[in-house]
Every structure is written in C-alpha cells, then in structure tokens.
Number of protein chains: 2
Amino acid sequence: MRAILIGFGNVGRTLAKILSVEKHRFQGLQDLDIRVVGIFTRTKGCLIDHEGVDLASAVETVERYGRFIPTMKGYCDMEAQEAAQTLDYDVLLELSTLSIEREGEPALSHIKAALRRAKHVVSANKGPLAFAYHELKRLAEEKNVRLLFESTVMDGAPVFNMVRNCLKGCSVVEIDGILNSTTNYILMRMEEGATLQDAIKEAQEKGFAEADPSNDVDGWDAAAKICVLANVIMGAQITPREVKRKGIKEVTPEDLKGARQKNKCIKLVCSAKKRDQHVEATVEPTLIDKEHFFATVRGEGSVVRIKTDLMGPIMITQEAPDLYDTAYGVIDDLLTIYRKTS
Amino acid sequence: MRAILIGFGNVGRTLAKILSVEKHRFQGLQDLDIRVVGIFTRTKGCLIDHEGVDLASAVETVERYGRFIPTMKGYCDMEAQEAAQTLDYDVLLELSTLSIEREGEPALSHIKAALRRAKHVVSANKGPLAFAYHELKRLAEEKNVRLLFESTVMDGAPVFNMVRNCLKGCSVVEIDGILNSTTNYILMRMEEGATLQDAIKEAQEKGFAEADPSNDVDGWDAAAKICVLANVIMGAQITPREVKRKGIKEVTPEDLKGARQKNKCIKLVCSAKKRDQHVEATVEPTLIDKEHFFATVRGEGSVVRIKTDLMGPIMITQEAPDLYDTAYGVIDDLLTIYRKTS
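Procedures and definitions
Residues numbered from 1 in each chain as written. Chains lettered and ligands numbered in written order. Predicted model: local features only at pLDDT ≥ 70, side-chain atom pairs only at ≥ 80, totals over all residues. Heavy atoms only, no water. Least-squares fit on C-alpha atoms with pLDDT ≥ 70 in both. Contact = heavy atoms within 4.5 Å. UniProt positions renumbered as here; feature names shortened; annotations may be inferred. Helix = DSSP H or I, 4+ residues; strand = E, 2+ residues; numbered from the N terminus. Buried < 20%, exposed > 50% of the residue type's maximum accessible area, 1.4 Å probe, protein only. Polar contact = N/O pair within 3.5 Å; in protein donor to acceptor, adjacent residues only side chain to side chain. Buried area = accessible area lost by both parts, 1.4 Å probe. Salt bridge = Lys/Arg side-chain N within 4 Å of Asp/Glu carboxyl O. Nonpolar A, V, L, I, M, F, W, Y, C, P; charged D, E, K, R; others polar. Pairing = 2+ DSSP bridges. Expected span 1.5 Å × (residues − 1). Domains from an automatic or database assignment. Axes fitted to C-alpha atoms, helices over the stretch in contact; angles between N-to-C directions.

J.: What is the right way to look at the relation of the copies chain B and chain A in this model?
T.: Taken together, a rotation about one axis and a shift along it account for how the two chain copies relate. For the match of chain B to chain A, the screw axis carries a shift of 0.0 Å, the RMSD comes to 0.0 Å, and the turn is 180°. The transformation relating the two chain copies, once decomposed into turn and shift, fits a two-fold axis. Ranked by how close their C-alpha atoms come to the rotation axis, the residues of chain B are headed by I316(B), at 2.4 Å. Of the residues that chain B buries at the interface, 100% are likewise interface residues in chain A, meaning the two copies contact each other through the same surface.

Next up, the structure:
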C-alpha cells in the first residue's frame, strides 16, 4: 500500500520509525507493508520517491538538521495540495496540526483532494473533522473509500473504533471527559505550586505543548475534540465555534488551593449531551471530587466516559500517553484499511 | 435467527425483556430479529416453541411463580443437553452460572454439542472458557461458526471485542484489574464499618451475590475471569486452578483501617503477566494508593488495564453495572453473529 505523509513533526517521525527501523520489535506489524512514496512539509522540505522514501534517513536528517536537505534522494519542492491532487498513492496520511483560525485548512483541502480521487485518508489532524466531518464522510462514502481518524482524540486509545465496533446497537446519549493533556498537566503542576507560565514552559520542554500554547490554554483543542466526538458518535452538526468554551487562563492558584481544601480538584472537562434534537457541547474548568475517577487522571493522561441508551457508562482512560500512542492511532487506522484492501 | 436459551435467571430474563416488551426503547436493536425457540432450565422447567416462545409471558410467569407452569404454550420436559443436540436452531445462548467444581460443566457440554453441529454459541457463563477455551476455539474454527463471550468479563463493557477489533497489531503483555463486583462491594462496605457477613448479606439482597457466595469470596470467580482474559487475549493455556489465588476471607476490619490510615485501600486485584513463554496469573487482596485509578472503582464497579507492546496502558472502567449491562454483552455478541449471517 502506497502512502503519502503530510507533516513530519513528532508524530510523523515516530510513525516513520515504527514502520522502518523499529518494525522488528512489533510482532503484530510484520504483515503490514506500507511504502511511503512522499513526505510533504511546510517548513522542512519534501521528499518524493515512487520506490519508497528511506524513512530511517528522513527521520535522522530532520532530527539532525531540522529539515530535509537537497542531497537526499527524492528531495524536491512540491506543495502538499499538489501532491494530494497528482501523485500516485493509495492512502493520504494527514499529520499536520490543528488550525482553528483557518477552520481546519489547509489540511481540509488535502483531505478533500484525496477523497475526490478515491484515495483513503487517515487524519491525525482533528481540524478537518471538527469543521467538516459530515461533508468529508459523504465524500468518502460516495467514493467508497475510508476516512479514519482514531488518533484525533486520546491518541491511540480506541474511542471511535470502540463505538463503531464494540457498542453495536447502542445509541450514545452523553459523553464527557478530560481530553486535553497539556491543560491537565498544567493544572496538576499549578496545584503543586507552579505558576501558569512555568507550567506551560515545562509542558513545552516535555514536548507535548505547542510553541503557541493558546489552542490548549484557551480550550480550543479540547473544543475541537469534543466536537469531533459529538459529530461522529452522536450525529451532531457543530463546529468548535459552537462549543460553550472556557479555557484555564482564569484559574488561579487560589481556586486550586480552595478546591484542595474541600478535597476536590479542578479539571478542564469536556462534555456533549443530547438535548431533544440537538447536541450541546461544553468545555470548562470543573470542580471534581478527589474520589471521582476523573481526579485520578493526572499529568498527560486523558479519559472519556460514554453513556448509551442500552448500557454504561463505561470509561476509557489513557494513563501516560507518549508519541508511540499517537502514532499507534494512525497505525491502527492503516491496518484497518490495509487488511480490507490487501 | 433462531436461538435457544440455557438458563433463565436474572440475565436471561433481562435479555428476554430487552428482546420483547422493551425492544421499542432501543433504536439500535430495531433490525435485530431473534426468535427464541426454546428455554431450558435446571429448576424452572422448559419451553419449546418453533414459532417463537412468548418471552414476555415467560418472564412474567417466572417472576410470579418462580418457574414455568404446565399450562404455558410449549411447556415440556427436556434436558438442555438433548436440546443442544437435537433442536433446530442457529445460535445457542449459554446463560447458566459458573461451576468451578465441575470445571465448567454442564455448560461446557452444551457448548460442545452446539459447536459440533455447526451452531453459533454465545456464552455468558465463564466456566467453559476458563477451562476449555482453546479446545472450543478449535472446534468453532473447524465448523466455521462463532464462539463469543463478551459478557463473561466486565458484563457488557467491551473487553474481548476491543482487543479483537481495536488493538490491531498490538500484542498484550500484561493485564490487571478489579474483575469481581461482589468482593469489591464487600470490601467497600467493610471499609465503611460493616462485617464480612453483613456485607455479603447486603450484596445478596441487592441481587449481585449468589446464594452461595464462596465463588466470589474465595476468589474463584475472579480467577476464572483472569483465566479467560489470559487464555483469549494473551494466548495462555491455564485453568482457574493454576491461578495463584487468595480470596478476601482473611481481610480483617483492622487491615482496612490500617490501609485507610496510610491513605490506601484494599482491592481484590487480578493480574496476568507474560513471563518468557508462559503467562502468570494472580488474584489477591492488594494495597492500593487512594490516588490510584483502581481506588476510585467503588461498589459493583470494575476495571481492566491493558498493556501492549505498541501502546498503552489503557483502561476500561465500568462504573455501576446493572443487569442491562450484562444482558447487553450477550446482545452485542448476538448482533455480531446476526449482522454477519443475515
């Protein structure tokens, strides 16, 4: 199966490692035969090789020089959109980051271009799903290809896959959870005495907060995630702008101290609830009892609780995700497509 | 699809309600067309009706008289084993209870009889899976039929389904969790000051402890569950007798008080770990930090944590299961078979 990668940040490089130099470590991946025929980035250059890009060298070069270099085989200059529209491939992996201001673009256009050409799509970027899920879904159905995005919420922990394959016959009536790792880490550190600024800096140094932390701190990332969940699992038709959203900027050390004295803590909780014919989604700092499940989700952990008409609530919790977990979300989607098509 | 039910206790009756008088409540079940052609019990009599047993009347009669009565349509006298061997049906639902002493019998024989005749099997009874999973699996594969058992561990919360469908490419290296609701409830009540005997009585009155509580209290139910998980998910070849097992009988109020003073609690924890070529399984009362996820699993709740080579650990938690959750496990299995065969 031939793939093109759009984006080659932490997740893309971890994925490339798992598919190349580290593949021997994972028994379950031995039958997965993926040839990456192109990698396209906005700031690191591009590589095209119809016989398969040398992934180990691509990773090594970026980790050494911060970008691809002109002496590499297949080094070239092509926009991701042109690649999506013209190259020969079977699946497009969209691994770029969320843009709220641009409403999921340019990733959204890459995905549309691929689907229109009847190519499968795996997206780790939640933007296109948060802003245009139903349109993309219709397009994928028309062209009889798959549109998968397991890693957009809770990394590789199965959420979409679980509802799709394991809750047959159930209608989801409510979802809530802690979906943004960065703010969960920041709130934990602030509870321990750090300032907001110091906690952000730490999260950046640990590699899970973006250089511009506003998507996390202002609740946009969480809003995009609850949006994808609500649209996909509950049939909602909302965008992140319609989520009732409050970030963590106004949470003070005093708030956290006060909570602690009442044997509680503050978490950035996302929720989506069915109300008559529509779905109401919210992101806001919430007082949580220390004996509640959500209180034990510490640091970069995350949790989602799903309530259905027939059973539940059940929860899926991710304790301490790392880049392998995010990359795994993409791999699981690749395997779903690979096993159906090969 | 024609089904026979073996056992008509709490789970069987809840299932019968969901499939009959309550079906209109569940949108996702409208396409499920199951005709129950026989119900066989050890102490409540049997019903056979090739045109479909009247489930509403079966439930009502048992709840009123404690058993089926001779004036009912299809009332008869047939052993479950004979039914499994001779009747015309598509799927056998084994809903009887665990027998450790008899190593999963007589349920094991019912299941074998069905599989040998190339009938699908859904088992809510964990005994046959704990004692003979690999034999049953081979038999089902030979006959090209499904053997499903989602409700044997954590009721309807997807565990087997999740590993099968949502952790593609992952090898499970370790499992641990709290799998027995009754002892979890008892330990919670003892922590609150109740005696072991009182807590058992309460659990019986609430309907989730058996009349003979020894399977729960001595850890046999938990051992059977970790065994099924280890055999199915980790490829182990063990029976409950090979699980290193310690029940909760020796846990004293003083132990619980001591734990509390150290900000800990005691939980009956099950685990299975890969050690070289074999799997080591354990059930034992374990000190758990109050800030640990497991500590927040209260009352009849349960949790399983799954660690794989590629990602995780992830956890699935069931907060407050009731009979609908257990019945749902059976329904999910039925839907899996129904959608593949119809």
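Next comes the rest of the write-up.
J.: When you look at the UniProt feature "binding site: NADP(+)" (unreviewed entry) in chain A in this model, what are you seeing that I'm missing?
T.: Residues and elements named next belong to chain A. Mapped onto this numbering, the UniProt entry gives "binding site: NADP(+)" (unreviewed entry) at G7, F8, G9, N10, V11 and G12. Assignment of secondary structure puts N10 in helix α1 (residues 10-19). Owing to a relative accessible area of 37%, N10 belongs among the partly exposed residues under this scheme. When sequence neighbours within four positions are dropped, the list of residues in contact with N10 reads G207 and L323. In this structure the side chain of N10 is engaged in a polar contact, spanning 3.3 Å, whose partner is the side chain of R13. Structurally, G12 is set in helix α1.

J.: Please clarify how the interface of chain B and chain A should be interpreted in this entry.
T.: Frequently, the measure chosen for interface size is the accessible area removed from exposure when the parts meet. Chain B puts 43 residues into the contact, and the matching count from chain A is 43 residues. Of the roughly 3800 Å² buried where chain B meets chain A, counting both sides, 59% is carbon and sulfur surface. Between D332(A) and K168(B) there is a salt bridge, and its shortest N-O distance comes to 3.5 Å. Across the chain B-chain A interface, the total number found is twelve residue pairs in polar contact (both at pLDDT 80 or more). When residues of the side of chain B that touches chain A are traced back to their parent elements, those giving at least two are α6 (160-166), β13 (314-318) and α12 (323-341) of chain B. The leading source of residues in the side of chain B that touches chain A is α12(B), at seven residues. Considering only residue class, the side of chain B that touches chain A consists of 20 nonpolar, 13 polar and ten charged. Bridge analysis of strand β13 (residues 314-318) of chain A against β13(B) gives five bridges, and the strand direction is antiparallel. Its bridge partner lying in β13(B), I314(A) is registered against Q318(B).

J.: Help me out: how do you make sense of the UniProt feature "active site" (unreviewed entry) in chain A in this one?
T.: Residues and elements named next belong to chain A. On the UniProt side, "active site" (unreviewed entry) is annotated at positions that read K225 here. When you line up the elements, K225 lands in helix α10 (residues 220-233). With relative accessibility at 11%, the residue K225 sits in the buried group. Every residue in contact with K225, bar those within four places of it in the chain, is listed here: K126, T152, V153, L179 and N180.

J.: What should I look at first to understand the sheet that holds strand β4 (residues 75-76) of chain A in this one?
T.: Residues and elements named next belong to chain A. One open sheet accounts for seven strands, arranged β4-β3-β2-β1-β5-β6-β7; its pairing is mixed. Looking at which strands have only one partner, the edges of the open sheet turn out to be β4 and β7 (147-148). As paired strands, strand β5 (residues 91-94) and strand β6 (residues 120-123) are joined by four bridges and run parallel to one another. Bridged to E94 within β6 is S123.

J.: What should I look at first to understand helix α10 (residues 220-233) of chain B in this one?
T.: An α-helix turns once every 3.6 residues. As a result, residues three or four positions apart point the same way. Residues and elements named next belong to chain B. Compared with an ideal rise of 1.5 Å per residue, which puts 14 residues at 20 Å, α10 spans 20 Å between its outermost C-alpha atoms and is within 8% of the ideal. Summarising burial for α10: 13 of the 14 residues are buried, a large majority. Of the residues flanking the end of α10, it is G235, one or two places downstream, whose phi is positive at about 70°.

J.: How should I be thinking about the domain arrangement of chain A in this particular structure?
T.: All names here are of chain A. The assigned domain composition of chain A is domain 1 (2-156 + 323-341) and domain 2 (168-318). Computed over C-alpha atoms only, the centres of domain 1 and domain 2 are separated by 27 Å. Taken together, the contact between domain 1 and domain 2 spans 19 residues of the former and 26 residues of the latter. Here domain 1 packs against domain 2, burying approximately 1700 Å² in sum over the two surfaces, 63% of which is carbon and sulfur. Remark: the boundary between domain 1 and domain 2 carries two salt bridges. Joining domain 1 to domain 2, the criterion identifies four residue pairs in polar contact (both at pLDDT 80 or more). Ranked by residue count, the leading element in the side of domain 1 that touches domain 2 is helix α5 (residues 127-143), at five residues.

J.: Help me understand α12(B) in this model?
T.: Residues and elements named next belong to chain B. Between its first and last C-alpha, α12 extends 27 Å over 19 residues, near the 27 Å set by a 1.5 Å rise per residue. Across the 19 residues that make up α12, a large majority, 14, are buried. Sitting at the amino-terminal end of α12 is D322, which places a side-chain oxygen 2.9 Å from the backbone nitrogen of Y324.

J.: Any chance you could explain the sheet that holds strand β5 (residues 91-94) of chain B here in plain terms?
T.: All names here are of chain B. Pairing is mixed across the open sheet formed by seven strands, whose spatial order is β4-β3-β2-β1-β5-β6-β7. Of all strands in the sheet, those with a lone pairing partner are β4 (75-76) and β7 (147-148), marking the two edges. Judged from the three bridges that link them, strand β2 (residues 35-40) and strand β3 (residues 46-48) form a sheet pairing that is antiparallel. The partner of G38 across the bridge, within β3, is I48. Set on the sheet, helix α4 (residues 107-116) makes contact with β1 (2-6), β5, β6 (120-123) and β7; between it and β5 the angle comes to about 170°.

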